[in-house]
Amino acid sequence: MNTALKLAEPEITPQSPVFGYLNAEELEQFGAEIDAVRQRILSSLDEGDAAYIRRIIRWQRGLEVLGRGALFLGILPPFWLLGTASLSVAKILENMEIGHNVMHGQWDWMRDPSIHSSTWEWDNVCPKEEWKHSHNFMHHKWTNVVGMDRDVGYGILRMSEEQPWHPAYLFQPITNALLASFFQWGVALHDLETDRLRRGERKWSEVKDKWRRIRKKMGKQVLKDYVLFPLLAGPFFLPVLLGNATANLVRNLWSYAIIFCGHFPEGTHEFLPEDVENETQAHWYLRQMLGSANITGGPLFHIMSGNLSHQIEHHLFPDMPSNRYAEAAKEVQAICEKYGLPYNAKPFWAQFGSVMKKVLRLSLPNFSSRSKGPTPQQA
Amino acid sequence: MATMNLLNRVGAKLATPLLPNAYAELINPLWGEGVRAKVVAIEPEGPQAVSLTLKPNHRWQGARAGQHVRLGVDIKGVRHQRCYSLTSADSTLSQRITLTVQRHPHGLVSQYINHGLRVGDVVHVAPAQGEFVLPANDEPLLLITGGSGITPVMGFLRQLAEQGWQAPILHWHFAPNAEVSLFKTERQALAKAQGWQLHEAYPEQGDEGFSAAKLDELFPQWRNAHVYVCGPAGLANAVVALHEEEGRGPLVQEFFQPPAIAATGEGGEVTFTRANKTVQAPATTNLLEAAEAAGLTPEHGCRMGICYGCLTTLESGQVRDHAADEIIDTEGALVRICVCTAEGNAALAL
Ligand code: FES
């Protein structure tokens, strides 16, 4: 797909609803209240929080050992199912509640070098350096700014009316299914910005080191899951291989679903580069809130989603320990009510359905001049 | 050995991106990453201190009497590290080690070790360090200690007794009073059994302080002795000054207190460029603490300016080095962040 995203195209109307909600004074007050939530929670961190992350890590590693162990007997269907399920859960926990959050620096306050953003490497083909750049920086700073946040469509999907249409997007339902299935590989290649490479906006020499690092990480992950563990099982090579592949697929689909529910359901706002010029902290808070959506559910669901079900709170406070998001959510929601701001929180199927509808709708050109999201007048 | 290596290599490939010890830790916390030790005993040492007996894991390399270790403990979920002298004799790989921690009224870590730590807890230990060690051959020794400066010398005494030192020894120890004099009974018993001279002085109870005349009276051969000193600055400086004039043997000094950081500096805004964080660091907070408060984990050792384990590049701005008592503003200079404070704005490669 060579559909260039030209931001300065005249048909884009810079209509920002951001300030439609609050005047300058209210915005600053809102920012101060959000800040106060952050301060209060961060200053109350203690050994209970430390015990939480260590407990999750122990569970994750235990489940992984159990999963890999059971898969060695994977020739028997119940063991194969048990092994694959445990390994899937372990991989989901590792990537989402542990890896993603540790790499955000959520647990740096413990000063434990083995649970620290500077050292953590996760069970995923995307190396930590590439992840931290494309995710922690590009996505979290420029959330939902079309053309700046590369997570808007991951460079291959059209997820915003603001992205010009191209016939290749007719295949978007298929592209989308492929992205979901191979999500970790997509994420790994994400930071290479291959679309920009093809268009010549980025030189190959600039990304050579990145590519070398990505290849190395991919090699290690493939060797582990698809060569060594199957070999170790001897005659049961195949069940182990299939179990590992399934676990990776399950993790891919799940993390894709949760992540897409975070920013693309109807009702989340998109922004234009001019919306973020000279942005203040309070403005950034407001934009993070409007550009994110929560998924409602029980405690186990929140853990399994890496607490990205509290996407709004995660975007307001990316470095707050994830076990505190539920608590922050109550306060943030109350603040939103007070200021008359939308707070997008719905069950999984509602959010996911809405995202899938968008994928289908945007595979076709814009028929009406739809707006980018509900403006306050509509809301 | 070769099979061990192969096993390790395959283990690492299977456990990637972690190491096998991440899983071994599930069975026994001592098998986790790094040097760790289990607390096997905690005993009061006089009214203001406790002695810990630690059983290190398989990664421990052993230590010589007089060396110190950096102990890491988690307090309210946060890892804190402090250096303590070992009080045990030379130890090899699997041997237990001991150390003694005196309570300081405002010392977070010393208070925790005295009141919060429990037998069975696992603590983090960095490999033993330090040049405060006994000479290779039996020579006359002059050991001068004050207060909790006794701790490394206690390791010496236990080692000397084990070894049966064949040369005269004077141990001159200062403590505020008899009650708080650490290891008094054990030291007296050792001196008696080994025929060493032990002189205890309690200035609070009117005993005479350190002087050349008194030293000559107690240990006339001191000029040819190997001199070791560990104690408060006043005592240590007096010994060093006298030794410089008259001593002929070597002198080894162990520091056990960080230089006092007088609030003379300015403090300022410090940027940790790699972590991309900026903090306000007051004149009384050293840069190591400032970095830790910001959630960073800089490499370090003694935290008192003597090991150079915390050297960090000053990228711009200026800092005040309290150990050297100077202001450093050279771009690219390596500074000991544990004894430096900000002096205006500064950027560090952390
Ligand atoms: S930590 Fe030893 S010199 Fe700074």
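Quantities reported herein were computed from a predicted structural model and do not represent experimental measurements. (Residues numbered from 1 in each chain as written. Chains lettered and ligands numbered in written order. Predicted model: local features only at pLDDT ≥ 70, side-chain atom pairs only at ≥ 80, totals over all residues. Heavy atoms only, no water.)

### Some details on the overall build of chain B
A tally of helices and strands in chain B yields eight helices and 17 strands. Its C-alpha radius of gyration of 22 Å places chain B within 12% of the 20 Å reference for a compact globule of 350 residues. Over its C-alpha atoms, taken along the principal directions, chain B stretches across nearly 65 × 55 × 40 Å. Summed over its atoms, the accessible surface of chain B is roughly 16,000 Å², and 51% of this surface lies on carbon and sulfur atoms. Considering chain B, the positive charge centre built from 26 side chains and the negative charge centre built from 35 side chains are found 11 Å apart. (Helix = DSSP H or I, 4+ residues; strand = E, 2+ residues; numbered from the N terminus. Rg over C-alpha atoms; globule rule 2.2 N^0.38 Å. Areas by Shrake-Rupley, 256 points an atom, 1.4 Å probe, with all protein chains shown as cover. Lys, Arg positive; Asp, Glu negative; His and termini not counted. Charge placed at Lys NZ, Arg CZ, Asp CG, Glu CD.)

### Considerations on the sheet that holds strand β3 (residues 68–75) of chain B
Residues and elements named next belong to chain B. A sheet is described by the order of its strands in space; here six strands give the open sequence β4-β3-β6-β1-β2-β5, paired in antiparallel fashion. One side of each edge strand has no neighbouring strand; the edge strands of this open sheet are β4 (78–85) and β5 (97–102). Here the average twist between neighbouring strands, direction ignored, is 35°. The pairing of β3 with strand β6 (residues 122–129) spans four bridges and is antiparallel. Along β6, the bridge assignment pairs Arg70 with Ala126. (Pairing = 2+ DSSP bridges. Axes fitted to C-alpha atoms, helices over the stretch in contact; angles between N-to-C directions.)

### Thoughts on the environment of Val35(B)
Residue and element names in this part refer to chain B. Looking at the element boundaries, Val35 is found in the loop between α2 (20–24) and β1 (36–44). Each C-alpha atom of the pair Val35 and Arg82 lies 15 Å from the other, and the pair is 47 residues apart in sequence. Aside from chain neighbours lying at most four places away, what touches Val35 is Asn57, Arg59, Trp60, Val123, His124 and Val125. (Contact = heavy atoms within 4.5 Å.)

### Considerations on the pairing of strand β8 (residues 169–174) of chain B
For a regular strand, the rule is simple: side chains alternate between the two faces of the sheet. All names here are of chain B. Burial runs high along β8: six of the six residues are buried. Of the two faces of β8, the one carrying Ile169, His171 and His173 and the one carrying Leu170, Trp172 and Phe174 are both buried. Taken together, the six bridges between strand β7 (residues 141–146) and β8 define a ladder with parallel strand orientation. By the bridge assignment, Leu143 is partnered in β8 with His171. Taking the sense of rotation as the criterion, the β-α-β connection linking β7, helix α4 (residues 150–163) and β8 turns out right-handed. (Buried < 20%, exposed > 50% of the residue type's maximum accessible area, 1.4 Å probe, protein only. Right-handed = clockwise from strand over helix to strand, strands pointing away.)

### Details of a positive patch on the surface
A contiguous patch of positive charge, built from Lys216(A), Lys220(A), Arg9(B) and Lys13(B), is present on the exposed surface. For the positive patch, the elements supplying multiple residues, two or more each, are α9 (204–232) of chain A together with α1 (2–15) of chain B. For Lys216(A), a relative accessible area of 58% translates into the label exposed. (Patch = residues over 30% accessible without salt bridge, like charges linked within 9 Å, V, L, I, M, F, W, Y side chains within 5 Å. Salt bridge = Lys/Arg side-chain N within 4 Å of Asp/Glu carboxyl O.)

### What to know about the nonpolar core
Residues and elements named next belong to chain A. Ranked by size, the top nonpolar core spans 53 residues in total, and within it Trp107, Met159, Phe183, Tyr256, Phe260 and Phe348 carry the most contacts. Only α3 (47–72), α4 (77–103), α6 (172–181), α7 (183–190), α9, α10 (237–263), α12 (299–304) and α15 (348–361) provide two or more residues apiece to this core. Looking at which element gives the most residues to this core, the answer is α4, with seven residues. Excluding residues that lie within four positions of it along the chain, Phe260 makes contacts with Tyr154, Leu157, Met159, Asn176, Leu179, Phe183, Pro265 and Val355. (Core = buried A, V, L, I, M, F, W, Y, C linked by side-chain atoms within 4.5 Å.)

### Observations concerning a nonpolar patch on the surface
A cluster of nonpolar side chains, namely Trp165(A), Leu170(A), Phe171(A), Ile174(A), Leu178(A), Phe182(A), Leu364(A) and Phe367(A), defines an oily patch on the protein surface of about 860 Å² accessible area. Within the secondary structure, Phe367(A) sits in the segment after α15.

### Some thoughts on the sheet that holds β8(B)
Residue and element names in this part refer to chain B. One open sheet accounts for five strands, arranged β9-β8-β7-β10-β11; its pairing is parallel. Single-partner strands in this sheet number two, and they are β9 (197–201) and β11 (251–253). Sheet twist, expressed as the average angle between the axes of neighbouring strands with direction ignored, equals 10°. With three bridges joining them, strand β10 (residues 226–230) and β11 adopt parallel strand pairing. Of the residues in β11, the one forming a bridge with Tyr228 is Val252. On top of the sheet, helix α5 (residues 184–194) reaches β8 and β9; it is set at about 150° to β9, its chief contact. Against the sheet, helix α7 (residues 233–246) touches β7, β8, β10 and β11, its axis set at about 165° to β11.

### Structural notes on the interface of chain B and chain A
At the interface, 20 residues of chain B touch 28 residues of chain A. Carbon and sulfur atoms make up 60% of the area that chain B and chain A hide from each other, which totals about 2,200 Å². For the chain B face of the interface with chain A, the top three residues by lost area are Leu14(B), Pro17(B) and Arg79(B), together amounting to 26%. For the pair chain B and chain A, the number of links is three salt bridges. Residue Arg54(A) pairs with Asp74(B) through a salt bridge whose shortest N-O separation is 3.5 Å. At the junction of chain B with chain A, the criterion picks out nine residue pairs in polar contact (both at pLDDT 80 or more). Taken together, the residues that form the side of chain B that touches chain A break down as eight nonpolar, five polar and seven charged. (Buried area = accessible area lost by both parts, 1.4 Å probe. Polar contact = N/O pair within 3.5 Å; in protein donor to acceptor, adjacent residues only side chain to side chain. Nonpolar A, V, L, I, M, F, W, Y, C, P; charged D, E, K, R; others polar.)

### Digging into the packing of α6(A) against α10(A)
At a closest axis distance of 7 Å, the pairing of α6(A) and α10(A) adopts a crossing angle of 120°. Across from Asn176(A), Leu179(A), Ala180(A) and Ser181(A) in α6(A), the residues of α10(A) making contact are Leu249(A), Asn252(A), Leu253(A), Tyr256(A) and Phe260(A).

### Quick look at the pairing of β3(B)
Residues and elements named next belong to chain B. Counting buried residues along β3, seven of its eight residues qualify, which places the element largely inside the surrounding structure. Here eight bridges tie β3 to β4, and the two strands are oriented antiparallel to one another. Paired with Ile75 across the two strands is Val78, which belongs to β4. Where β3 hands over to β4, the hairpin turn is made up of two residues, of which Lys76 adopts a positive phi near 50°.

### With respect to the pattern of salt bridges
This model, assessed by the stated rule, comprises 43 salt bridges over all chains. As a salt-bridge pair, Lys91(A) and Asp225(A) come within 2.8 Å of each other at their nearest N and O atoms. In this pair, Lys91(A) is assigned in helix α4 and Asp225(A) in helix α9, connecting sequence segments 134 residues apart. Residues Lys91(A) and Asp225(A) agree in their burial class; the two are buried. Salt-bridge contacts for Glu186(B) lead to Arg158(B); the nearest nitrogen and oxygen are separated by 2.7 Å. With Glu186(B) in helix α5 and Arg158(B) in helix α4, the pair connects residues that are 28 residues apart, well separated along the chain. Note on Arg158(B): relative accessible area 22%, which makes it partly exposed.

### Side note on the packing of aromatic side chains
All names here are of chain A. Evaluation of the coordinates by the stated rule reveals 22 aromatic pairs over all chains. The interplanar angle of 65° and the centroid separation of 5.7 Å between the aromatic rings of Tyr154 and Phe183 together place this pair among those described as edge-to-face. Taken together, the residues span a long stretch of sequence, with Tyr154 in the loop between α5 (128–141) and α6 and Phe183 in helix α7 at a distance of 29 residues. Plain terms: the ring middles of Tyr285 and Phe317 are 6.4 Å apart, the flat faces sit at 65° to each other, and that makes the pair edge-to-face. Placement of the pair is Tyr285 in helix α11 (residues 281–290) and Phe317 in the loop between α13 (311–316) and α14 (325–339), with a sequence separation of 32 residues. The exposure class of Tyr285 is buried, given its relative accessible area of 2%. Taken together, Tyr154, Phe183, Tyr256, Phe260 and Phe264 form an aromatic cluster joined through their ring pairs. (Phe/Tyr/Trp six-rings, centres within 6.5 Å; stacked < 30°, edge-to-face > 60°.)

### What to know about the confidence of the model for chain B
Per-residue confidence for chain B gives a mean pLDDT of 92, with 98% of residues at or over 70. Among the scores for the predicted complex, ipTM is 0.87 and pTM is 0.89. (pLDDT = per-residue confidence, 0-100.)

### What to know about α7(A)
All names here are of chain A. When α7 is considered as a whole, its buried residues turn out to be Phe183, Gln184, Val187, Ala188 and His190. The buried residues of α7 all sit within an arc of 155° when viewed along its axis, so they share a single face. Looking at the buried residues of α7, the elements they touch are α5, α6, α9 and α10. (Arc of directions from axis to C-beta.)

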